[in-house]
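Descriptive analysis of the structure
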There are 2 protein chains.
Amino acid sequence: MAPAGRPRTFDRDEALKKAMLVFWDKGFEGTTMSDIIDAIGMKAPSVYAAFGNKDALFDEVVQLYAGIFYEGPLKALNSADDIGDAIEHCLKAHIEMFTGQEGACSCLLLTAANNCSPEHQQHVVSLRNLRAGYKGALLARFKRAVADGQLTDDANPESLTEFYATCIQGMAMCSKDGASKKSLLDSCEYALGVLKPFLKKA
Amino acid sequence: MAPAGRPRTFDRDEALKKAMLVFWDKGFEGTTMSDIIDAIGMKAPSVYAAFGNKDALFDEVVQLYAGIFYEGPLKALNSADDIGDAIEHCLKAHIEMFTGQEGACSCLLLTAANNCSPEHQQHVVSLRNLRAGYKGALLARFKRAVADGQLTDDANPESLTEFYATCIQGMAMCSKDGASKKSLLDSCEYALGVLKPFLKKA
DNA sequence: ATATTTTTGTAGGTTGTGTTATATAATTCG
DNA sequence: CGAATTATATAACACAACCTACAAAAATAT
């Protein structure tokens, strides 16, 4: 049943998505609450009533983004049994995320809170933790490939993880600088070539 | 001869370096003038008298940083005649810059002004232009290598440029996340391996 | 020595951003 | 219907950040 009281005239989930796109594009500190409020199309008190404050809203946005992230690159990483396929699908899923949105590009986890004032360091830390968690997932995937006997003995999961994290983050920054999807895919091919010498023949 | 008037009690060049380290670490918007003023160890009016305002100071900092940049990675890129050596020296010079400073790390051109409020977009643009200029230098270097007959016919200067720009920016971001010099050098080796198939035997 | 010039420190002005008080509108419950 | 509850809009508060008047201090020039 509908709750008592005047009903909201906007959709909360839609509003959150709009807020995500703004933060994605302009980062935490680069975004003002006025930007958010304008994007949602409501007035300040309605937005504050729905989301609390800027910090809480950003936290929700990060959660939403992380969910999309898990459904994309992370799922791609862990779906394929072959490590070569897994990395390829994963990188390409990243490129989709970097270039797929209208307005926003690159990666919110990487660019939305790099340099914050001391009172907002929490966001810098939480995004850094998410990135570290993702690196952990990459590492686990390479270790699984070792356990599965898919990689040669001289393959080093730690340094492969670091290399591919480098490529992913680098592509994100290039995308922020306007790189086309095609040029990102070119870089992706080079990056995938690095893994080939370590793949055992099937 | 000394100019008339009370002499400055701090060294302007030293103060500029200190300001650079703060901006390098915390970015343009993440840095307050109080941070700068504290780092320099003077009071606000002295700093403003010496540097104008925050925008002008940041511009000077960027100039200073660009100078260091030209002396490091860019010089390394253009000093060696062999393209393999050039890229290797260049990447390693980047790693030195990413990890060499106390306090600051990563790359000021990449991280100091990603997400600015509209009234400071000038800095986002100027750093983006510097990055684009650097990509141009990379491209020119690869084209020179083609002209010098150092690369195979299937080597594509544009996509090689994009790939190495990706690696450099990726390493910068990893360094900001605390990557060790050793792990950056590991990634660097993988990245250099990408060029090898395109190198003609001497 | 006095005037002139420039720096320094205190203290405060101005603006922009995050947030909220208050009154009004729209809905449900009894 | 009237009471209760929640959303909306206007308008304004609070605080922090950038910047600057003003007066005192420290040097040079005549």
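Look up a bit, the structure's there.
Here the structure is a predicted model, which means the values were calculated and not measured.

Below, the discussion takes up the relation of the copies chain B and chain A. Placing chain B over chain A gives an RMSD of 0.0 Å and needs a rotation angle of 180°, together with 0.0 Å of translation along the axis. Here the copies are linked by what is in effect a two-fold axis. Minimal C-alpha separation from the rotation axis in chain B is found for Gly170(B), amounting to 1.8 Å. Of the interface residues in chain B, 100% have counterparts in chain A that sit at the interface too, so the contact is made through matching surfaces.

Residues and elements named next belong to chain A. The residue Thr9 is located in the segment before helix H1 (12-30) in this model. For Thr9, a relative accessible area of 61% gives the class exposed. Considering only alpha carbons, one finds Thr9 and Met42, 33 residues apart in sequence, at a separation of 8.9 Å.

Contacts between the two partners involve 37 residues from chain B, matched on the other side by 37 residues from chain A. Contact between chain B and chain A buries roughly 3,000 Å² in total, counting both sides, with carbon and sulfur atoms accounting for 58%. Interface area lost by chain B to chain A is led by Asn115(B), Asp177(B) and Tyr190(B), which between them contribute 24%. Where chain B packs against chain A, one counts 2 salt bridges. Residues Asp177(B) and Arg131(A) are paired through a salt bridge, measuring 2.8 Å at the closest nitrogen-oxygen approach. At the junction of chain B and chain A, the tally comes to 8 residue pairs in polar contact (both at pLDDT 80 or more). Secondary structure elements with two or more residues in the side of chain B that touches chain A: helix H1 (12-26), helix H6 (108-111), helix H7 (121-147), helix H8 (157-176) and helix H9 (181-195) of chain B. The element that contributes the greatest number of residues to the side of chain B that touches chain A is H8(B), accounting for 13 residues.

What follows is about the protein's contact with DNA strand C. Around DNA strand C, the surrounding shell holds 27 residues, and the nearest of these are Met33(A), Lys54(A), Gly5(B), Arg6(B) and Thr9(B). A share of 72% is what sugar and phosphate atoms reach among the atoms of DNA strand C within 4 Å of the protein. With respect to DNA strand C, the side chain of Lys54(A) contributes an N or O atom lying 2.8 Å from a phosphate oxygen. Here a phosphate oxygen of DNA strand C sits 3.0 Å away from a polar atom, N or O, in the side chain of Ser46(B). Only helix H3 (44-51) of chain A together with helix H3 (44-51) of chain B provide two or more residues apiece to the surface near DNA strand C. Among the elements that take part in the surface near DNA strand C, H3(A) stands out by supplying 3 residues, more than any other. In terms of residue class, the surface near DNA strand C is made up of 14 nonpolar, 7 polar and 6 charged.

Our focus in this paragraph is the protein's contact with DNA strand D. Surveying the vicinity of DNA strand D reveals 25 residues, the closest of which are Gly5(A), Arg6(A), Thr9(A), Met33(B) and Lys54(B). Across the atoms of DNA strand D situated within 4 Å of the protein, the share located in sugar and phosphate is 73%. In the environment of DNA strand D, a base oxygen lies 3.0 Å from a nitrogen or oxygen atom belonging to the backbone of Arg6(A). Lys54(B) places a polar side-chain atom, nitrogen or oxygen, 2.8 Å from a phosphate oxygen of DNA strand D. Sorting the residues of the surface near DNA strand D by element identifies H3 of chain A together with H3 of chain B as the ones contributing at least two each. It is H3(B) that provides the largest number of residues to the surface near DNA strand D, a total of 3 residues. Here the surface near DNA strand D is composed, by residue class, of 13 nonpolar, 7 polar and 5 charged.

All names here are of chain A. Position of Val146 relative to the elements: it lies in helix H7 (residues 121-147). Separated by 10 residues in sequence, Val146 and Asn156 have C-alpha atoms that sit 9.2 Å apart. What Val146 contacts, discounting residues up to four positions off in sequence, is Leu151 and Pro157.

So, on to the pattern of salt bridges. If charged atoms from side chains of opposite charge come close, those side chains can pair. Residues and elements named next belong to chain A. Following the criterion strictly, the structure yields 26 salt bridges over all chains and no others. Notably, a salt bridge pairs Lys135 with Glu162, separated by 3.3 Å at the nearest N-O pair. You can see Lys135 sitting in helix H7 and its partner Glu162 sitting in helix H8 (residues 157-176), a full 27 residues away along the chain. For the pair shown, Lys135 and Glu162 are each scored as buried. Salt bridges sharing partners connect three or more residues here, namely Asp81, Arg144 and Asp148.

Rules used in this analysis
Residues numbered from 1 in each chain as written. Chains lettered and ligands numbered in written order. Predicted model: local features only at pLDDT ≥ 70, side-chain atom pairs only at ≥ 80, totals over all residues. Heavy atoms only, no water. Least-squares fit on C-alpha atoms with pLDDT ≥ 70 in both. Contact = heavy atoms within 4.5 Å. Helix = DSSP H or I, 4+ residues; strand = E, 2+ residues; numbered from the N terminus. Buried < 20%, exposed > 50% of the residue type's maximum accessible area, 1.4 Å probe, protein only. Buried area = accessible area lost by both parts, 1.4 Å probe. Salt bridge = Lys/Arg side-chain N within 4 Å of Asp/Glu carboxyl O. Polar contact = N/O pair within 3.5 Å; in protein donor to acceptor, adjacent residues only side chain to side chain. Near = heavy atom within 4 Å. Nonpolar A, V, L, I, M, F, W, Y, C, P; charged D, E, K, R; others polar.

Just distances and angles here, no functional claims.
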